[in-house]
Amino acid sequence: MKKLVIGILAHVDAGKTTLSESLLYEAGQIRRLGRVDHRDTYLDTHALERERGITIFSKQAQLRWEDMEITLLDTPGHVDFSSEMERALQVLDYAILVISGTDGVQSHTETLWELLRRYRVPTFLFITKMDVASRSSGELMTELQQRLAEGCVDFTHGDEAQRQESVAMLSEEALERYAATGGVDEEMMASLISARLLFPCVFGSGLKMDGVGDFLRLLSRLTREKKAPDAFAARVYKIARDAQGNRLTYMKITGGTLRVRDTLRYAPLHGSEALEEKVSQLRIYSGEKYESVEKAESGRICAVLGLSATWPGQGLGVEADADAPLLESVLGYRVVLPDGVDAAAALPRLRQLEEEDPQLHLVWQEETGEIRLQLMGAVQLDVLRSLIRERFDLDVRFDAGRILYRETIADTVEGVGHYEPLRHYAEVHLLLEPGERGSGVVLANACSEDTLALNWQRLILTHLEERQHKGVLTGSPLTDVRITLLTGRAHLKHTEGGDFRQATYRAVRQGLMQARSVLLEPYYDFRLELPAEQIGRALSDVRAMGGEHGAPVSLGERMVLTGKCSVAAMQGYAAEVAAYSRGKGRFSCRPGGYRPCKNPGAVIAEIGYDAESDLPHSPDSVFCAHGAGFTVKWDQVKDYMHLDDVWKPPAEEAPPPPRAPRRSTDIDERELEAIMEREFGPIRRSVYSAPTVRTAPAAPAAGKRERLLIDGYNVIFAWDDLKALAAESLDLARSRLIEMLVNYQAYTQREVALIFDAYRVSGGRGEREDQGGLHIAYTRAGESADMYIEQLAHDIGRNESVRVVTSDSLIRLSALRAGVLRTSSREFRGELDAVLAEIRRKTEGSGK
């Protein structure tokens, strides 16, 4: 039988646990169907899970079906327990993504999809609750293909020929097979699923058992067991404790065989010395019960006793360690212990919880005697409080919490650190450079072995990696920085390993003190679904919070708004949405990375961090003279260094002149001319006068081709009919304007370019398209329409007659600077109406 580990994932309340029950019942693993609302499901075994009706801890169950022996991993669906879910993804052969037929694709569903893509997990989809769904299977399939992947194919509805054709379009090889044989066989389908090109979708109802049997048969036909190495390999994904307090290391055997009394050699997460420990027991869990076995073969999930320092994500044997998790909490809390409880004594017990959930990031602040940790949200906070009370008999509280900021740098510097008290010696030079957004701290080595022995170089890189480096603005963790070892020096007699630790830490801090630091704050990607009449309130709220949003999308009587906004601004907004929509609105968000903080001064002042007073993270260096060590401040340390700087800063260039700021009010032509003449002297340009009669415009001067550059959004909101249409749908307003301009261009034979400003659109790449003879351009993110039009007008040159259509003062200023004609949006409407009227007259005159 093929052994498979299959995870089941969904957003909260999608019906995931109900489907798990149905799969176990259909396979004969359980005799009675449990229900979440009855608090008797097979896999939600913890009292907290049954009390709240949600999955909190990942659990497994064993089931057999036809030729499959499946370990089914049920993962948490609530966003607060996403880190538990993400750890389980590391050991999956396949995933089942459950979609609610009543809710469709939610924001958290997209987060799950991104994680499945990151971990390259082949995925089947089960769309449940179809017995009460408000949308048809066709509508849901369209949404799945648009928001998840085009490779989502319906395996429930439609005929086989149609399904085969859809599958054939997913790869060249499948298309060739289809053309040659008239079909796509199951081996090819299984290959496409493994390559994450095909995602079979089955519709049904977990509660009514509809489609569950068909789904299991589909899994049997289209899944394949992975080939495993003969040598022992395993991946740890979870640490837990049983009712007796025994430490359990959950792992998937990915190669070879693990037996009781085998000795495993591995490195703890913190500490360089490897441990050797014997396996005292192997357990195969299914729900609450387990079976003790003598060996676990490749493809099995087992719980191992006897290991004291393993950690989630660790690779054992020939298995590599997993990548760092993608999801991180953005809120930090202080643990408030009961009166009389010593924080230092409570810390080791709380460390057990951090072992089980490393994303808690438990921190002991010795200078204040405080314990701090990181959480995803309020539900996780309540659950953690209950767990601490249950396991350690401590009734703790948490403070109000605070945003977890990050810091990065905006320029390149060379940081130096020297550590030379009596009979010690080490010097380190590091290059600190700004990294790509979301890259974390990246390490590199450019040091020559002629300068520093390889063993010392490796030690320096180890010290760089072992510590979470603090920024100098608020003491927040450093991120998005590339650190390169440039050079270093050791002493043949006096250098010890700890010397390079001190020199390395000090080099990082000294570099940060020199650099221009940037405070980063966390952002949410949000999705807001509301009744159509309330979308105006939502747009106003997002703008007031300093967020970004796309065009509202219509879903019948409801509207959907998506965008980005800072976590600080959006705290408590879910409750506000529920209040003003009277429970009809749906607000969801997911971590959207970090961006520069909008009010860094206020945040820095509130936190009150003093980098030079943080002695455990000192930027100063220690030198030796006359038999004693002495400290040199960070800003004087380079005068004392024994090695010269390696990196030379580039010659400074004069900064470019500042751009004119955007203005919210119009200015007239005379003021524009005065500005231009004051700044640039007399301007040579064509003379322009606005048309007073609404007639079709005359042809341009002979020998010159006429071009129109039209500011799209300015025109839309200057014309009453398009402005009203935009209030309903911006896409409709754009389409209507494009339709009118296509007709205008075809009749006048002018070169017409329609430019839409994407200055505030995150991730805009600067797209181009043509419709008829109309050229349409969307500027890049961060590029405003006036920048684009000014450059385009300059590139066209003097051999063409160029006219800019806009009422935007800054764009008119750009046009004036380029020496081209300007027409206001309202004036151009008269010209356009005259052309369209002429087209209608000729069309009616010809009898068409």
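Our subject is the structure listed above.
What counts, and at which threshold
Residues numbered from 1 in each chain as written. Predicted model: local features only at pLDDT ≥ 70, side-chain atom pairs only at ≥ 80, totals over all residues. Heavy atoms only, no water. Helix = DSSP H or I, 4+ residues; strand = E, 2+ residues; numbered from the N terminus. Buried < 20%, exposed > 50% of the residue type's maximum accessible area, 1.4 Å probe, protein only. Contact = heavy atoms within 4.5 Å. Salt bridge = Lys/Arg side-chain N within 4 Å of Asp/Glu carboxyl O. Axes fitted to C-alpha atoms, helices over the stretch in contact; angles between N-to-C directions. Parallel < 35°, antiparallel > 145°, perpendicular 65-115°, else oblique. Nonpolar A, V, L, I, M, F, W, Y, C, P; charged D, E, K, R; others polar. Left-handed = near helix turned anticlockwise from the far one by under 90°. Phe/Tyr/Trp six-rings, centres within 6.5 Å; stacked < 30°, edge-to-face > 60°. Core = buried A, V, L, I, M, F, W, Y, C linked by side-chain atoms within 4.5 Å. Expected span 1.5 Å × (residues − 1).

Asks: Now, about the side chain of threonine 111: what can you tell me, with residues and values included?
Replies: As for its position among the elements, threonine 111 is in helix α4 (residues 107-118). For threonine 111, a relative accessible area of 7% puts it in the buried group. Once residues lying within four places of it in the same chain are set aside, the contact partners of threonine 111 are Leu327 and Arg590.

Asks: Please set out the pattern of salt bridges residue by residue, giving values where relevant.
Replies: Scanning the model with the defined rule gives 56 salt bridges in all. Between aspartate 214 and arginine 217 there is a salt bridge, and its shortest N-O distance comes to 2.9 Å. Of this pair, aspartate 214 and arginine 217 are both found in helix α9 (residues 212-222), three residues apart, which corresponds to roughly one turn of the helix. Taking the relative accessible area as the measure of exposure, aspartate 214 reaches 47% and is therefore partly exposed. Through salt bridges with shared partners, a single network forms among Arg241, Arg247, Glu355, Glu356 and Arg391.

Asks: Explain the environment of leucine 430 residue by residue, including any values.
Replies: One can find leucine 430 in strand β25 (residues 426-434). Expressed as a C-alpha distance, the spacing of leucine 430 and valine 413, which sit 17 residues apart in the sequence, is 8.4 Å. In this view, leucine 430 contacts Val413, Glu414, Gly415, Leu464, Ile483, Thr484, Leu485, Leu486, Thr504, Ala507 and Val508; residues no more than four positions away in its chain are not counted.

Asks: Hey, could you go over the packing of helix α6 (residues 160-168) against helix α7 (residues 172-181) for me, with residue numbers and the actual values?
Replies: Orientation of α6 relative to α7, taken along the N-to-C sense of each, is 140°, at an axis distance of 8 Å. Classed by the angle they form, the pair α6 and α7 counts as oblique. Counting all contacts with α6, which are made through Gln164, Glu165, Val167 and Ala168, the residues of α7 involved are Ala174, Leu175 and Tyr178. Here the contact of α6 with α7 is built from residues that sort into five nonpolar, one polar and one charged.

Asks: Any details on the packing of helix α10 (residues 343-356) against helix α11 (residues 378-392)? Residues and values, ideally.
Replies: α11 packs onto α10 with a crossing angle of 125° between their chain directions and a minimal axis gap of 11 Å. Between α10 and α11, the angle is such that the two are oblique. Remark: the crossing between α10 and α11 carries right-handed chirality. Along the contact surface, α10 presents Arg349, Leu350, Gln352, Leu353 and Glu356, while α11 presents Leu384, Ile388, Arg391 and Phe392. A breakdown of the residues in the contact of α10 with α11 according to their chemical character gives five nonpolar, one polar and three charged.

Asks: Quick rundown of the packing of aromatic side chains? Include the residues and the values.
Replies: Per the stated rule, a full pass over the model turns up 17 aromatic pairs. Each ring, one from tyrosine 744 and one from phenylalanine 828, has its centre 5.4 Å from the other, and the planes form 70°; the classification is edge-to-face. With tyrosine 744 in helix α21 (residues 730-748) and phenylalanine 828 in helix α24 (residues 825-845), this pair connects stretches of sequence that are 84 residues apart. Residue classification places tyrosine 744 among the buried positions, given a relative accessible area of 0%. The class of phenylalanine 828 is buried, set by a relative accessible area of 1%. Taking 5.3 Å as the distance between ring centres and 20° as the angle between the ring planes, the aromatic pair formed by phenylalanine 756 and tyrosine 778 counts as stacked. Of the two residues, phenylalanine 756 sits in strand β36 (residues 751-756) while tyrosine 778 sits in strand β38 (residues 774-778), which places them 22 residues apart along the sequence. Take phenylalanine 756: its relative accessible area is 0%, and that puts it in the buried class.

Asks: Tell me about the nonpolar core, and please be specific about residues and values.
Replies: Formed by 48 residues in total, the largest nonpolar core has its most connected members in Ile388, Phe398 and Leu528. Residue contributions to this core peak at six residues, all from strand β28 (residues 517-531). If we skip the residues at most four places from it in the chain, phenylalanine 398 touches Tyr333, Arg334, Val335, Val336, Leu373, Leu381, Leu384, Arg385 and Ile388.

Asks: Help me get a handle on α4, residues and values and all.
Replies: Between its first and last C-alpha atoms α4 spans 17 Å; for 12 residues at 1.5 Å apiece the expected length is 16 Å, and the two agree. Along α4, the residues classified as buried are Ser107, His108, Thr109, Thr111, Leu112, Trp113, Leu115 and Leu116. Looking one or two places after α4, you find arginine 120, whose phi comes out positive at around 55°.

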